[in-house]
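Report on the structure
Each chain, written out:
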Amino acid sequence: MTETAPTLARPTRPEDATMTITAPGFARRARKGSGTRRRASTIILHTLLALGGIAMVAPFLWMLLTSFKTLPQLLRRPLELLPDPWTFSNYAESWNAMPFAQAYLNSIYICVLSVIGTLLTASMAGYAFARIRFRGSKVIFVLFLATQMIPKQVTLIPFYLLMAQLGWVDSHLALLVPAMLVNPFAVFLMRQFVLALPKELEEAAVVDGAGRWRTFWSVILPNLKPGLGALSIIVALDVWNSFLFPLVLLNTPDLFTVPLLLSSFRGQFGSVNYGLVMAASAIATVPMLIAFVIGQRRILNSMAASGLGGR
């Protein structure tokens, strides 16, 4: 009968016991230090964001307060921040001094038509670049996207000559047609949304006998609603605030948009009564401010969903 040799236990090293004692305390101090640094960085970040927000809101707040001041208040030294007394007559005078109603109508219908046309053409082009493989598609898309790096001022003279040849100078067609047909950012945004859609949706539509057009209208376009909503607000803001091209292309006051009318209004009253100018600016700003406040969450969500937030 064989005897089994007893198993010798490995002696415990002193440093093992020391580690078991000191490690928890060290970990707590490390977590506490990292938490403190994290809180400090958060406070600094929020402070910087608050200062930046105040810097951006201050001019708008100054415009609103000035619009409620009378001319004697504007001439006081030192200049006071709050109106005393408050007056609302600047808004009525500025509205009646220039054809604001006609300018508002022009800007609204140009905005609406430009948004509808851009959504239609950008969604179709984005779908084509994302799903349809044809020779040179990537090269064409890169060249098309590279046009965003060209400043608009560089293309102003060639664009004016082209519009003159078409007979569209001093016409809203010069503002509508290019806005509806050519928008590289809109095409890029729609392409990113289409790429995010699963291909199984299209494959199921093809199995059911749907063609390319039916697939686009019945499957792709309904799933692009979040991106289309955000893009509509972005395009509306851009078209409403456009100033340079309307300034060069439009000559008749009845065709002026709101920013262009503000320019002529400032030239007529800028050196006389800044209260009227600020009231007119506030009237021009309110519609797009409301649109942005309503749609800002949709814009941010669409950027995150399309993958643009981290690029």
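The structure presented is a predicted model; accordingly, all values stated were derived computationally and were not measured.

**Some remarks on the packing of helix H9 (residues 199-207) against helix H10 (residues 212-220)**
Their axes nearest at 10 Å, the elements H9 and H10 cross at an angle of 130 degrees. By the criterion of interaxial angle, the relationship of H9 to H10 is oblique. H10 is crossed by H9, and the crossing has right-handed handedness. Taken together, the residues of H10 that come into contact with H9 (itself represented by Leu 201, Glu 202 and Ala 205) are Arg 212, Thr 215, Val 219 and Ile 220. Here the residues of the contact of H9 with H10 sort into four nonpolar, one polar and two charged.

**Here we look at the pattern of salt bridges**
It is possible for side chains of opposite charge to pair when their charged atoms get near one another. Tallied over the entire structure, the rule returns one salt bridge. The shortest N-O distance in the salt bridge between Glu 202 and Arg 131 comes to 2.3 Å. Linking Glu 202 in helix H9 with Arg 131 in helix H4 (residues 100-131), this pair joins segments that are 71 residues apart in sequence.

**Here's the deal with the nonpolar core**
Among the nonpolar cores identified, the biggest contains 56 residues, and Phe 100, Met 190, Ile 220, Leu 224, Leu 231 and Leu 249 are the most heavily contacted of them. The biggest single contributor to this core is H4, with 11 residues. Contacts of Leu 231, omitting those with residues within four sequence positions, involve Leu 119, Ala 122, Ala 186, Leu 189 and Met 190.

**Quick look at the packing of aromatic side chains**
Geometrically, a pair of aromatic rings is defined through the distance of the ring centres and the angle of the planes. In this structure the tally under the stated criterion is 13 aromatic pairs. Seen in terms of ring centroids, Trp 95 and Phe 100 are 5.7 Å apart; in terms of plane orientation they differ by 15 degrees. Their pairing is stacked. In this structure Phe 100 comes out as buried when scored by relative accessible area, which is 0%. Centre to centre, the rings of Tyr 104 and Trp 240 are 5.7 Å apart; their planes meet at 70 degrees, and the pair counts as edge-to-face. Of this pair, Tyr 104 sits in helix H4 while Trp 240 sits in helix H11 (residues 225-240); the two residues are 136 residues apart in sequence, bridging distant segments of the chain. Comparing Tyr 104 with Trp 240, the two get one shared label, buried. Ring pairing ties together the aromatic residues Phe 68, Trp 86, Phe 88 and Tyr 91, which thus form one cluster. For Lys 69, the ring lying beneath its charged end belongs to Trp 62, and the centroid distance is 4.9 Å.

Rules and cut-offs
Residues numbered from 1 in each chain as written. Predicted model: local features only at pLDDT ≥ 70, side-chain atom pairs only at ≥ 80, totals over all residues. Heavy atoms only, no water. Axes fitted to C-alpha atoms, helices over the stretch in contact; angles between N-to-C directions. Helix = DSSP H or I, 4+ residues; strand = E, 2+ residues; numbered from the N terminus. Parallel < 35°, antiparallel > 145°, perpendicular 65-115°, else oblique. Left-handed = near helix turned anticlockwise from the far one by under 90°. Contact = heavy atoms within 4.5 Å. Nonpolar A, V, L, I, M, F, W, Y, C, P; charged D, E, K, R; others polar. Salt bridge = Lys/Arg side-chain N within 4 Å of Asp/Glu carboxyl O. Core = buried A, V, L, I, M, F, W, Y, C linked by side-chain atoms within 4.5 Å. Buried < 20%, exposed > 50% of the residue type's maximum accessible area, 1.4 Å probe, protein only. Phe/Tyr/Trp six-rings, centres within 6.5 Å; stacked < 30°, edge-to-face > 60°. Lys NZ or Arg CZ within 6 Å of the ring centre and 35° of its normal.

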